[in-house]
Amino acid sequence: MIGEGVRVVSTVQQLEAGRIIIHPRSVDGRLAFDIAYADITMLQKQNGNAAFVLQADGMTVTIPLRQLAAGQNGHKLRIALDRPADVTNGAMADVIASMDAKLIVSPQQVTLTEAVEKPGLSKQAITGKIGITLSSPMPTDLNHLAGVRYDAERNSFVPVPMKLMQTEHGVEATFQAIPGVTYLLMEHVKTFADVQHHWVKNDAEYLGSKLFIHGKTADTFDPNALTTRAELASMLVRGLGLTNAPVKHSFSDAAELSGKWYEETIYQAYEAGMIGGYEDGSVKPDDTITRQEIMAMFTRAVRTAHPDWMKDSTVSSLERFTDGDQVAAWSADSIAAAVQGGLVLGDANEALNPTKVATRAEAAAMLKRLLGVLSQ
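Each residue is numbered by its place in its chain's sequence as written, counting from 1. Where local features are concerned, this predicted model is filtered to residues with pLDDT of at least 70; where side-chain atom pairs are given and counted, the filter is 80 or more; whole-chain, interface and lining totals use all residues. Hydrogens and water molecules were not included; the side-chain quantities draw on all heavy atoms of the structure.

Caption draft 1: Structural view of the nonpolar core. Residues grouped as a nonpolar core are buried Ala, Val, Leu, Ile, Met, Phe, Trp, Tyr and Cys residues, joined through side-chain atoms within 4.5 Å. Three labels apply to residues, based on accessible area from a 1.4 Å probe with only protein chains included: buried if under 20% of the type maximum, exposed if over 50%, partly exposed otherwise in between. Leu232, Leu236, Ile266, Phe298, Leu343 and Leu352 are the most contacted members of the largest nonpolar core, which totals 55 residues. In this text, helices come from DSSP runs of H or I with a minimum length of four residues, and strands from runs of E with a minimum of two, each type numbered from the N-terminal end. Counting only elements with at least two residues in this core, the list comes to helix 4 (201-209), helix 5 (229-240), helix 6 (254-257), helix 7 (263-271), helix 8 (291-305), helix 9 (332-340) and helix 10 (360-374). Here this core takes 8 residues from helix 10, the largest share from any one element. In contact with Leu343, other than residues within four places in its own chain, are Phe298, Thr299, Val302, Trp309, Ala338, Met366, Arg369, Leu370 and Val373. If you look at the next biggest cluster of nonpolar residues, it comprises 35 residues, including Ile40, Ala50, Ile104 and Val160. Any two residues whose heavy atoms approach within 4.5 Å are treated as being in contact.

Structure below.
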């Protein structure tokens, strides 16, 4: 027995494998358990790669012990599985209703709270994401299953990249979560009137159902419109689930960003290294973007999560395309990786069209493939 409000159900083999399976019990009306940092340190010495695996009410939470090791002796940690307050639940229910969506897994959050038991000690920050699996017995089409977090400030949902799978018991969604943030699963079917006979229909409506892309209007996608740098940055921020705080930079055209819908998105994408500025110090959010620029950015996005992705790709793979020699030298390595990794396909004429300005349909199709690579 370790901690308070906890029952450890791991077998010896599971403990040796580093899975400390715990069924928390009700503490002060919530599912929680308390554990001293001295106990966490003891367990970590036995297995440095061990993790707590909390299982309760259709939810599994995995927290590596090394992530909790920032505390000091004299501190106690409470790990709790919470549901939001009634007023927050009501606000989320209204948003779900306005989207004609259906709740599949109720809002959930994990909180990590420190208590200081010895005078003179200060609290230590617990940082980093934790692994969560949400499950539901409700049969749902995975193409319409959206995993989201709730943004209370804007009273809206933000998409979260999740690995989704059908099981014999229903559906499961596994993802990396921020402690204290509310997550849920919902069924959301999005259609766009202007793509019903367009080749991008399936990709656009898949991404729209999961909130990774927005239409030009509530009912139209405008697939043949040219993609702007701001639109592409927005796709990347949502598709990658970026949560870094937007840090303002002194772009020469920063005044033009102020108050625009994409202001925070541009700063987030720039801070995460997804987009860059120009030699004159500008970022030009309303400029269009070429296919080779998108290919390079998407390769960079994959390698942010998987640094060794397609590291053995060679530019010779571009020779099979009729216009492979038109790929700019600065982007050749990235585009070769994108081709070999399946992010990019040539057209019917075996052309890459690297210098062609990308349409919204082309950007959406590449984003769909990017999400597929990242979920592997």
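Caption draft 2: Fine view of the packing of aromatic side chains. Centres within 6.5 Å are what make two rings of Phe, Tyr or Trp a pair, Trp counting through its six-membered ring; a difference in plane orientation under 30 degrees is then read as stacked, over 60 as edge-to-face, and the rest as tilted. In this structure the tally under the stated criterion is 7 aromatic pairs. Seen in terms of ring centroids, Phe33 and Phe52 are 5.6 Å apart; in terms of plane orientation they differ by 85°. Their pairing is edge-to-face. Taken together, the residues Phe33 in strand 3 (residues 30-36) and Phe52 in strand 4 (residues 51-56) connect sequence positions 19 residues apart. By relative accessible area, which is 0% here, Phe52 ends up buried. Each residue in the set Phe251, Tyr267 and Tyr270 is aromatic and connected to the rest through ring pairs, giving one cluster. Placement of a charge over a ring requires the Lys NZ or Arg CZ to be within 6 Å of the ring centre, with the centre-to-atom vector within 35 degrees of the ring normal. The positively charged end of Lys284 is found above the aromatic ring belonging to Tyr278, 4.5 Å away from the centroid. Note that Arg360 overlies the ring of Phe221, its terminal NZ or CZ placed 4.4 Å from the centroid.

Caption draft 3: Representation of the environment of Asn155. Along the chain, Asn155 falls in the loop between strand 9 (145-151) and strand 10 (156-159). Judged by relative accessible area, Asn155 falls into the partly exposed class, the value being 37%. A C-alpha to C-alpha distance of 9.3 Å links Asn155 and Thr88, two positions 67 residues apart in sequence. If near-sequence neighbours (up to four positions away) are discounted, Asn155 is found in contact with Ala91, Val95 and Tyr150.

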